[in-house]
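# Architecture and fold: a report
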Amino acid sequence: MSKIVIIGATGRAGSQLLEEALRRGHSVVAIARDPSPLQGRAGVTVKALDAKDSAALQAAVSGCDAVLSAAHFATIEPQAIIAPVKAAGVKRLLVVGGAGSLLLPSGQRVIDSPDFPEAYKAEASAGVRFLEALRQEAGLDWTFLSPSAEFVEGERTGHYTLGKDHLLIGADGKSWITFADYAIAMLDELEKSAHSRARFTVGY
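Definitions and limits used
Residues numbered from 1 in each chain as written. Predicted model: local features only at pLDDT ≥ 70, side-chain atom pairs only at ≥ 80, totals over all residues. Heavy atoms only, no water. Axes fitted to C-alpha atoms, helices over the stretch in contact; angles between N-to-C directions. Helix = DSSP H or I, 4+ residues; strand = E, 2+ residues; numbered from the N terminus. Parallel < 35°, antiparallel > 145°, perpendicular 65-115°, else oblique. Left-handed = near helix turned anticlockwise from the far one by under 90°. Contact = heavy atoms within 4.5 Å. Nonpolar A, V, L, I, M, F, W, Y, C, P; charged D, E, K, R; others polar. 1 Å grid on protein atoms, 1.4 Å probe; cavity = no way out; pocket = protein on both sides within 12 Å on 5 of 7 lines; lining within 4 Å. Points joined across faces, edges and corners; volume = space filled by probe spheres on them. Salt bridge = Lys/Arg side-chain N within 4 Å of Asp/Glu carboxyl O. Buried < 20%, exposed > 50% of the residue type's maximum accessible area, 1.4 Å probe, protein only. Pairing = 2+ DSSP bridges. Right-handed = clockwise from strand over helix to strand, strands pointing away. UniProt positions renumbered as here; feature names shortened; annotations may be inferred.

## Looking at the packing of helix 2 (residues 54-61) against helix 3 (residues 78-87)
Contact pair helix 2 / helix 3: the axes reach a minimum separation of 8 Å and the direction vectors enclose 45°. With respect to helix 3, the element helix 2 is oriented oblique. Every pair of crossing elements has a handedness; the one defined by helix 2 and helix 3 is right-handed. On the side of helix 2, the interface is formed by S54, L57, Q58 and V61, while helix 3 contributes A80, I81, P84, V85 and A87. For the contact of helix 2 with helix 3, the class distribution of residues is seven nonpolar, two polar and no charged.

What follows is the structure, encoded as structure tokens:
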């Protein structure tokens with residue numbers, strides 16, 4: 001089993017990544033500004049730090065097999081995570097991506113659609129920049145997993161569909177995935193490494 005770091009381990013996506021990792025027997029270093037809710041969890045080492053503190057982040061991820069980042073893109077620059085991970089000698093970085101950079105059937109990006117909600121544009125634009133930064137990294141084994149358009153609370157079904165660069169849209173016209181099933185797809189990727197140095201997407 002691996003020793004993995006989860007940045008943003010108390011958030012909606014990060015907390016489900018944590019649960020899925022523990023379910024599979026991995027040991028987890030949980031990073032959050034306030035990780036106190038995770039104190040005392042078996043298999044979890046908590047680190048209270050701001051991911052923008054590059055020296056602290058480098059020290060926290062050192063010696064781990066992989067880093068999973070669930071940090072909000074609008075709150076942190078790509079290199080604030082990429083550089084400390086590389087400096088610590090961690091080869092594998094998996095990022096909770098966004099749907100904004102995915103393509104619609106027309107070939108247009110989701111973020112460029114006329115009905116894309118203005119409230120989400122800053123986060124989505126920052127997610128696009130993060131993906132572009134990863135694509136420039138020659139020495140890092142990265143993966144960027146974009147969720148579907150709706151990334152929501154819900155049950156862990158154990159079922160999902162994978163895609164590459166196009167938004168997944170079901171027969172009912174919905175594009176969605178729960179945090180719990182997204183976490184399954186991310187941990188499957190961690191263990192199988194089927195999308196090294198690539199972006200892919202997950203939905204139903």
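## Thoughts on the layout of surface pockets
Taken as a whole, the largest pocket encloses approximately 1200 Å³ of empty space. The wall of the largest pocket is formed by 45 residues, among which R12, H72, G97, E123 and F151 lie closest to the centre. Mapped by element, the contributors of at least two residues to the lining of the largest pocket are helix 1 (12-23), strand 2 (27-32) and helix 4 (121-135). Looking at the lining of the largest pocket, the element that brings in the most residues is helix 4, giving four residues. When its residues are assigned to classes, the lining of the largest pocket shows 25 nonpolar, 13 polar and seven charged.

## What about the pattern of salt bridges?
Tallying each qualifying case throughout the model produces 13 salt bridges. Among the ionic pairs, R92 bridges to D141, the shortest N-O distance being 3.4 Å. Of this pair, R92 sits in strand 5 (residues 92-96) while D141 sits in strand 6 (residues 141-146); the two residues are 49 residues apart in sequence, bridging distant segments of the chain. Assessed through its relative accessible area of 23%, D141 is described here as partly exposed.

## Things to note about the pairing of strand 4 (residues 66-69)
Of the two faces of strand 4, the one lined by A66 and L68 and the one lined by V67 and S69 are each fully buried. Here strand 4 pairs with strand 5 via four bridges, running parallel. Across the sheet, residue A66 finds its bridge partner in strand 5, namely R92. The handedness of the strand 4 to strand 5 crossover, carried by helix 3, is right-handed.

## Description of unusual backbone geometry
Excluding glycine, residues mostly have negative phi values, and the peptide bonds linking residues are mostly trans. Phi is positive for S193, close to 50°, though the residue is something other than glycine. Considering the arrangement of structural elements, one finds S193 in the loop between helix 5 (179-192) and strand 10 (198-203). One non-glycine residue with positive phi stands out, namely R197, at about 55°. For R197, the location among the structural elements is in the loop between helix 5 and strand 10.

## As for the UniProt feature "domain: NAD(P)-binding" (unreviewed entry) in the protein chain
UniProt records the feature "domain: NAD(P)-binding" (unreviewed entry) for residues 8-188 in the present numbering. Overall, residues 8-188 shows 30% helix and 19% strand. The separation of its end C-alpha atoms is 19 Å.

## Observations regarding the pairing of strand 10
For strand 10, a buried count of six out of six residues is recorded, marking the element as mostly surrounded by other parts of the structure. Going residue by residue along strand 10, you find A198, F200 and V202 tucked away on one face and R199, T201 and G203 tucked away on the opposite face as well. Across four bridges, the pairing between strand 6 and strand 10 is parallel. Pairing of F144 across the sheet is with R199, part of strand 10. Inspection of the sheet shows strand 8 (residues 161-163) paired to strand 10 by three bridges, in the antiparallel sense. If you follow L162 over to strand 10, its bridge partner there is V202.

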